[in-house]
Amino acid sequence: MPDTHFGSRTVPLDEKQALVDDVFHKVAQRYDLMNDLMSGGLHRAWKDALVTAINPPKGDGVFALLDVAGGTGDVSFRTVDAGGYGTRATVADINAEMLAVGRARARERGLDDVVSFVDANAEALPFPDKSFGAVSIAFGIRNVPRIDVALAEMHRVLRLGGRFLCLEFSNVDVPGLDALYELYSFNVVPALGRVVVGDAEPYRYLVESIRRFPRPNAFGAMMRAAGFGRASHRVMSGGIVALHSGWRL
Ligand SMILES: C[S@@+](CC[C@H](N)C(=O)[O-])C[C@H]1O[C@@H](n2cnc3c(N)ncnc32)[C@H](O)[C@@H]1O
């Protein structure tokens, strides 16, 4: 069995998913609050850029988004808010606690008829071929043990002419900001986790997993290997995140 990384640890590939599930089990109830605190609200701007690229139609045209590793549904809620009458979103996530928080939020917002939640592994999506107009994954792909398998699955369920978008942390390469970002990530983020969630460990994992994720060009090559055409990316906030784009051609 090959090894992989779980944060700074090397673990057998088959053991990574259970460790990741444990992280999101611990943080689910406070996940959205922690996102705001850790990013100083910036994650909202990054997700807005993602939704702009998803570009749901404003009219009544039917449009179906699949948001993989969609957790508590943030990207899906934003997409149906931005789209017209015919826009629907499906959140697929492997973690029952994250999905439960998302379902409750959908009910509170009166969006439970347009956003649905499905317990699913990104590596084996329970959807037919070519069934979605767009597929997104935000801050999710680095948690998936077999990224190549998940990319192939997301390509399979995308319609011809549909767009794949992946928002993920990247590499800060602005002199000065890089050192500040390191300091913040390895000190402030776990400390926030300890105060807000009662445990610093999940946030140590999150920070380490960001550091280990492939650089944008290497990830672009993985997208092309999975079949996506016109793979490209743009970095935001000095490289803190990258928005990757590809098409099913
Ligand atoms: C950092 S959260 C991102 C949630 C949401 N996309 C957002 O941006 O707010 C990562 C999510 O990936 C999910 N996840 C991890 N491994 C997964 C897998 N193999 N298949 C589907 N979801 C997975 C976790 O359960 C968690 O909800």
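For clarity, every value in this text was computed on a predicted model and none was experimentally measured.

Enquirer: I'd love a proper account of the site of the ligand, names of residues and values included.
Expert: Near the ligand you find 20 residues, and of these Gln17, Ala69, Asp93, Ala122 and Ala138 are the closest. Residue Ala69 places a main-chain N or O atom 2.9 Å away from a nitrogen atom belonging to the ligand. Within the backbone of Ala138, a nitrogen or oxygen atom sits 2.8 Å from a nitrogen atom of the ligand. Relative to its unbound accessible area of 600 Å², the ligand is 99% covered by the protein chains. Elements represented by at least two residues in the shell around the ligand include exactly α1 (13-27) and α2 (31-39). If you tally residues by element for the shell around the ligand, the top one is α1, at three residues.

Enquirer: How would you explain the sheet that holds strand β7 (residues 158-169) if you had to name every residue and give the values?
Expert: Two pairing modes exist for strands in a sheet, parallel and antiparallel, and in both the strands are linked by backbone hydrogen bonds. Here seven strands make up an open sheet; going across it, the order is β5-β4-β3-β6-β7-β9-β8 and the pairing mixed. Looking at which strands have only one partner, the edges of the open sheet turn out to be β5 (115-119) and β8 (229-236). The sheet shows a mean angle of 20° between the axes of neighbouring strands, taken without regard to direction. Where strand β4 (residues 87-93) lies against β5, five bridges are found, and the strand directions are parallel.

Enquirer: If you had to explain the pattern of salt bridges to someone new, which residues and values would you point to?
Expert: Side-chain pairs of opposite charge can arise where the charged atoms are in close proximity. With the rule as written, the count across this model stands at 15 salt bridges. Between Arg44 and Asp36 there is a salt bridge whose closest N-O contact spans 2.8 Å. Taking the relative accessible area as the measure of exposure, Arg44 reaches 41% and is therefore partly exposed. Between Glu153 and Arg156 there is a salt bridge, with the nearest N and O atoms lying 2.7 Å from each other. Of the two residues, Glu153 and Arg156 are both situated in helix α6 (residues 147-157); the distance of three residues between them amounts to about one turn of the helix. Here Glu153 falls in the buried class, since its relative accessible area comes to 13%. A cluster of three or more residues bridged by salt bridges with shared partners is formed by Asp32, Lys47, Asp48, Asp74, Arg78 and Arg105.

Enquirer: Lay out a nonpolar patch on the surface in plain terms, naming residues and giving numbers.
Expert: On the surface, Val174, Leu177 and Leu180 cluster together into a nonpolar patch covering about 240 Å² of accessible area. Here Leu180 lies in helix α7 (residues 177-196). Residue Leu180 is classed as exposed on the basis of its relative accessible area, which comes to 57%.

Enquirer: Go over helix α9 (residues 216-225), please, and point to the residues and values.
Expert: Within α9, burial applies to Pro216, Phe219, Gly220 and Met223. The buried residues of α9 all sit within an arc of 105° when viewed along its axis, so they share a single face. Counted as exposed and oriented over 90 degrees from the buried face of α9: Asn217 and Ala225. Just past α9, the residue Gly227 takes up positive phi, approximately 110°.

Enquirer: Describe the nonpolar core, naming the residues involved and giving the relevant values.
Expert: Grouped together as the largest cluster of nonpolar side chains are 31 residues, with contacts concentrated most on Trp46, Leu50, Ile54, Val115, Leu167, Phe169 and Val241. The greatest single-element share of this core, amounting to five residues, is contributed by helix α3 (residues 42-54). Once residues lying within four places of it in the same chain are set aside, the contact partners of Leu167 are Trp46, Lys47, Leu50, Ile137, Ala138, Phe139, Met236, Val241, Ala242 and Leu243.

Enquirer: Tell me what's going on with α3, and back it up with residues and numbers.
Expert: For α3, spanning 13 residues, the distance from its first C-alpha to its last is 19 Å, which sits close to the expected 18 Å at 1.5 Å a residue. At the exit of α3 stands Asn55, carrying a positive phi of roughly 55°.

How each quantity is defined
In this convention, every chain numbers its residues from 1, walking through the sequence in written order. Since the coordinates come from a predicted model, pLDDT governs what is reported: local features require at least 70, and pairs of side-chain atoms require 80 or more to be given and counted, while whole-chain, interface and lining totals use all residues. With hydrogens and water set aside, each side-chain value is computed from the structure's full complement of heavy atoms. Only heavy atoms are used to decide nearness, and a residue is near a molecule or strand if one of them lies within 4 Å of it. In protein, a polar contact requires one atom able to donate a hydrogen and another able to accept it; more generally it is a pair of N or O atoms within 3.5 Å, and residues adjacent in sequence count only if both atoms are side-chain atoms. Only the protein chains shown count as cover for residues, with accessible areas throughout obtained via the Shrake-Rupley method and a probe of 1.4 Å. Per the convention used, a helix needs a DSSP run of H or I reaching at least four residues, while a strand needs a run of E reaching at least two, with both numbered from the N terminus. DSSP bridges decide pairing: two strands pair if at least two such bridges lie between them. Lines fitted to the C-alpha atoms define the axes, with helices restricted to the stretch that makes contact. Angles between their N-to-C directions range from 0 to 180 degrees. Every case where a carboxyl oxygen of Asp or Glu lies within 4 Å of a side-chain nitrogen of Lys or Arg is listed as a salt bridge. Partly exposed describes any residue whose relative accessible area lies between the buried limit of under 20% and the exposed limit of over 50%, with all areas from a 1.4 Å probe on protein chains only and scaled to the type maximum. Each patch is built from salt-bridge-free residues with over 30% relative accessible area, joining like charges within 9 Å and nonpolar side chains (Val, Leu, Ile, Met, Phe, Trp, Tyr) within 5 Å. Summarising the geometry, the arc corresponds to the directions from the helix axis toward the C-beta atoms. Nine residue types can take part in a nonpolar core, namely buried Ala, Val, Leu, Ile, Met, Phe, Trp, Tyr and Cys, and a core is a set of them joined through side-chain atoms within 4.5 Å. Contacts are assigned to residue pairs with any non-hydrogen atoms lying within 4.5 Å of each other. Take the number of residues in a helix, subtract one, and multiply by 1.5 Å to get its expected span.

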